[in-house]
Structure formats: C-alpha cells, structure tokens
Amino acid sequence: MELVSELAGDSPLPYGLGGIGIGVICLAGTVVSAVTGHPWLALIALTAAMALIGTAAVLILHEGRFELTSGQAVIVAAVGSLVTAACGLALLVLGPLVALTTSGDVFHRVIGGGAFAYFGGMRLWIAGEVVEVRRA
C-alpha cells in the first residue's frame, strides 16, 4: 500500500483538497455544536473550518497554479474567499454575542469573545489574500 504523499508526488492539490474537506467537516461540527447548545465549541469549530478552508485555498492557488485551468482557479478563489469571509463575519458578530449571552466568569467571557472577534477579523483579511493570490 502506497503512502498518500507518494501518490500525490509533487502536486499540492491533494493536500489542498484534503484541507478543504476537513474544513467542511468542521463546518458540520459547528452546526451540530450550535444545535446541541454548545456555543463555545461551535465557535472553535468555526474558527478551525475557516483556517483550514482559507489556507487550503491559498495553497491550491499559489502552489498549484500551473496545474489549474483558468476556470478552476476562479472557482477555488471564489469559494475560498466567500466561505472564509462569511465565516469571518460570523465570528466577528457571534464571538461577542456568545460572550454577552452565556454565563460564567466575566473575564473569561470577555477574553473569549474578543479572541473570536479577532479571529473573525483575521479571516476577513485572509479572504482578501485569497483574491490577491488569484490575481498574481
């Protein structure tokens, strides 16, 4: 049985697509956590999904630019930037909202809400970077 790295060779596309796949699984975990009443866990899963999808899109566009057709690159850039921006905006709004509406120590809620808002803002920046890598 061959290792995945041997099958992929020098191509970054399988690694990027794997990152997007795991990011989608994290998005599903976000929904399940939110529905079952675990808002902090949902925010953590949403942060992981954004990081994986945004980074995978940049990896595919930057390292796999010679393996993609023009149409494929547009699709990767559009999906990567839209999903990352939407998740970033959700974190920017939901992080402080969850901190305001949950019970517990005020200090930890403020720190947690601020951290998730920061991650949301960073993901909005990463969404812009996906578009910039596409143009390069």
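Residues numbered from 1 in each chain as written. Predicted model: local features only at pLDDT ≥ 70, side-chain atom pairs only at ≥ 80, totals over all residues. Heavy atoms only, no water.

Engineer: Kindly report on the overall build of the protein chain, identifying the contributing residues and their values.
Structural biologist: Within the protein chain one finds five helices and zero strands. The N-to-C order of helical and strand elements in the protein chain reads α-α-α-α-α. Seen along its three principal axes, the alpha-carbon backbone of the protein chain occupies a region of about 50 × 40 × 20 Å. Looking at the protein chain as a whole, 36% of its 136 residues are labelled buried. Put simply, of all contacts in the protein chain between residues at least 6 apart along the chain, 75% involve residues at least 24 apart. For the protein chain, the exposed area adds up to about 7,900 Å²; of that, 74% sits on carbon and sulfur atoms. If the 5 positive side-chain charges of the protein chain are averaged to one point and the 8 negative ones to another, these points end up 14 Å apart. (Helix = DSSP H or I, 4+ residues; strand = E, 2+ residues; numbered from the N terminus. Buried < 20%, exposed > 50% of the residue type's maximum accessible area, 1.4 Å probe, protein only. Contact = heavy atoms within 4.5 Å. Areas by Shrake-Rupley, 256 points an atom, 1.4 Å probe, with all protein chains shown as cover. Lys, Arg positive; Asp, Glu negative; His and termini not counted. Charge placed at Lys NZ, Arg CZ, Asp CG, Glu CD.)

Engineer: Can you lay out the packing of aromatic side chains for me, pointing to particular residues and giving the numbers?
Structural biologist: According to the stated counting rule, one finds three aromatic pairs in the structure shown. Each ring, one from Phe116 and one from Phe119, has its centre 6.4 Å from the other, and the planes form 70 degrees; the classification is edge-to-face. One end of the pair is Phe116 and the other is Phe119, both in helix α5 (residues 106-135) and three residues apart, which spans about a single turn. On the basis of relative accessibility, which here comes to 10%, the residue Phe116 falls in the buried class. (Phe/Tyr/Trp six-rings, centres within 6.5 Å; stacked < 30°, edge-to-face > 60°.)

Engineer: Could you give me a rundown of the environment of Ala51, with the residues and numbers involved?
Structural biologist: With respect to the secondary-structure elements, Ala51 resides in helix α3 (residues 39-63). Residues Ala51 and Phe119 lie 68 residues apart in sequence; the distance between their C-alpha atoms is 9.2 Å.

As far as function goes, none of this settles anything; it's purely spatial.
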